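Listed here are the chains, written in short residue letters.
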Amino acid sequence: MTDQYDATIYYDDDADDSYLNDKTVAVLGYGSQGHAHAQNLADSGVDVVVGLREGSSSRKAAEADGLRVATPTEAASEAQVVSVLVPDTVQPAVYADIESELEPGDTLQFAHGFNIHYGQIEPSEDVDVTMIAPKSPGHLVRRNYQAEEGTPGLLAVYQDASGEAKEEALAYGKAIGCTRAGVVETSFQEETETDLFGEQAVLCGGVTELIKAGYETLVDAGYSPEMAYFECLNEMKLIVDLMYEGGLGEMWDSVSDTAEYGGLTRGEVVVDDHAREKMEQVLEEVQNGEFAQQWIVENQAGRPSYRQKRKAEKNHEIEEVGDRLRELFAWSETEDEESESEEK
Ligand code: NAD
Ligand code: MG
Ligand code: MG
Ligand code: MG
Ligand code: MG
């Protein structure tokens, strides 16, 4: 544990728009992050071209949003800043197509450090390599910008060939709305390793296994699947919302004293030293590149075990119980309708 708070945070006033003046930004990909970066940049007055393959289904969407579209190669050729927002697993192939278009002083801009950190993309020394990584899905990056609100983000410079890499990255962060909320300075290594560890051990992997283990424990002991679903999955959101709003303290304050005492004494029985040792092991495999290597090979092989794991997760009993219960209770349907109408 540390009591140091030494991260530097940048806001609008620290960013100088002029570092993107007279430059063209190529946004490669028009998915979650791509559509948000491209539109926010354009609305901020930056010249944007979206790079998409000839047959890409995203082309229509980008054009409908009023953006200029070209192939990734054409877009990179024209641009001085190339924002790589295609999926991490396809970035090396897309990079191979655009590499020859990069001129000295041009910038490769990322929203996640995987391919740079694990050496899957090795840019030449004369280009800048930077990161502005919004800490949120793209639709929120776009929605917050339109609401004149910000989205917190991370800034990192891997390579500063021009001497202006950080200033330009800050201008980019400002143009997509991140410096309104604050941009935390980090490194490609720290961003990549903490992102992977967080999603594996806590956010995506940890939480789903905790939910399934709790559910199975109750059902195996003879309790009804409906009760197990409510206790172990549905209520998760209520608890997380409280922590998001006011930290662990607000959650503990809001639950009953019985829940607080039970949680404080039994939580550490479940997530014990053994679980912590396993977390350290997961972190080690992120740090030494073992996870990255496994994922790269898995992709090269056509994702056989990924597909199998996905299928098993879909077929877990809790999914069937959840589908049935969410249908009986209207809460999630209302939410779906809301987000659908926002898309339009
Ligand atoms: P995405 O999967 O939503 O979008 C990918 C887009 O890339 C597609 O819409 C398509 O336009 C294009 N594309 C797909 N396959 C392609 C191919 N073979 N060749 C060319 N273009 C192709 O991706 P995303 O989630 O926005 O991720 C982009 C980057 O942003 C990644 O580095 C990711 O780690 C990072 N990131 C994502 C999030 C998030 O919440 N989604 C948050 C922070 C950072
Ligand atoms: Mg160029
Ligand atoms: Mg540059
Ligand atoms: Mg991630
Ligand atoms: Mg309860």
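Please read all numbers here as calculations on a predicted model, not as lab measurements.

Visitor: For the overall build of the chain, give the residues involved together with the corresponding values.
Guide: Scanning the chain from terminus to terminus reveals 17 helices and 9 strands. In summary, the chain has a C-alpha radius of gyration of 22 Å against a globular reference of 20 Å for 344 residues, a match within 12%. For the chain, the spread of C-alpha atoms along the principal axes amounts to about 65 × 45 × 45 Å. Within the span of the chain, comprising 344 residues, buried residues form 30% of the whole. By sequence separation, contacts in the chain at least 24 residues apart represent 67% of the contacts at least 6 residues apart.

Visitor: Let's hear about the packing of helix H9 (residues 188–203) against helix H13 (residues 273–287): which residues, and what values?
Guide: In contact at an axis separation of 10 Å, H9 and H13 are set at 140° when each is read in the N-to-C sense. Handedness of the H9/H13 crossing: right-handed. Contact residues: Glu193, Leu196, Phe197, Gln200 and Ala201 in H9; Met279, Val282, Leu283, Val286 and Gln287 in H13. The class makeup of the residues in the contact of H9 with H13 is 7 nonpolar, 2 polar and 1 charged.

Visitor: Break down the UniProt feature "binding site: NADP(+)" (unreviewed entry) in the chain for me, with residues and values.
Guide: Look at the UniProt record and you will see "binding site: NADP(+)" (unreviewed entry) annotated at Tyr30, Gly31, Ser32, Gln33, Arg53, Ser56, Ser58 and Gly138. With respect to the helices and strands, the residue Gln33 is situated in helix H1 (residues 32–43). A count of 27 C-beta atoms within 10 Å places Gln33 in the buried class. Among residues more than four places away in sequence, those in contact with Gln33 are Leu85, Ala111 and Gly138. Following the sequence through the fold, Ser58 ends up in helix H2 (residues 58–64). A tally of 17 C-beta atoms within 10 Å means that Ser58 is categorised as partly exposed. Not counting the four nearest positions on each side in its chain, Ser58 is found in contact with Tyr30 and Leu52.

Visitor: Account for the environment of Ala175, with residues named and values stated.
Guide: Following the sequence through the fold, Ala175 ends up in helix H7 (residues 165–175). With 14 residues separating them in the primary sequence, Ala175 and Ala161 have C-alpha atoms 22 Å apart. Apart from residues no more than four positions distant in its own chain, Ala175 is found in contact with Leu20, Asn40, Leu41, Ser44 and Val46.

Visitor: Account for the domain arrangement of the chain, with residues named and values stated.
Guide: Each domain of the chain was delimited in the assignment, giving domain 1 (9–186) and domain 2 (204–271 + 303–343). One C-alpha centre belongs to domain 1, the other to domain 2, and the line joining them spans 35 Å.

Rules and cut-offs
Residues numbered from 1 in each chain as written. Chains lettered and ligands numbered in written order. Predicted model: local features only at pLDDT ≥ 70, side-chain atom pairs only at ≥ 80, totals over all residues. Helix = DSSP H or I, 4+ residues; strand = E, 2+ residues; numbered from the N terminus. Rg over C-alpha atoms; globule rule 2.2 N^0.38 Å. Buried ≥ 20, exposed ≤ 12 C-beta atoms within 10 Å, placed from the backbone. Contact = placed C-beta atoms within 7 Å. Axes fitted to C-alpha atoms, helices over the stretch in contact; angles between N-to-C directions. Left-handed = near helix turned anticlockwise from the far one by under 90°. Nonpolar A, V, L, I, M, F, W, Y, C, P; charged D, E, K, R; others polar. UniProt positions renumbered as here; feature names shortened; annotations may be inferred. Domains from an automatic or database assignment.

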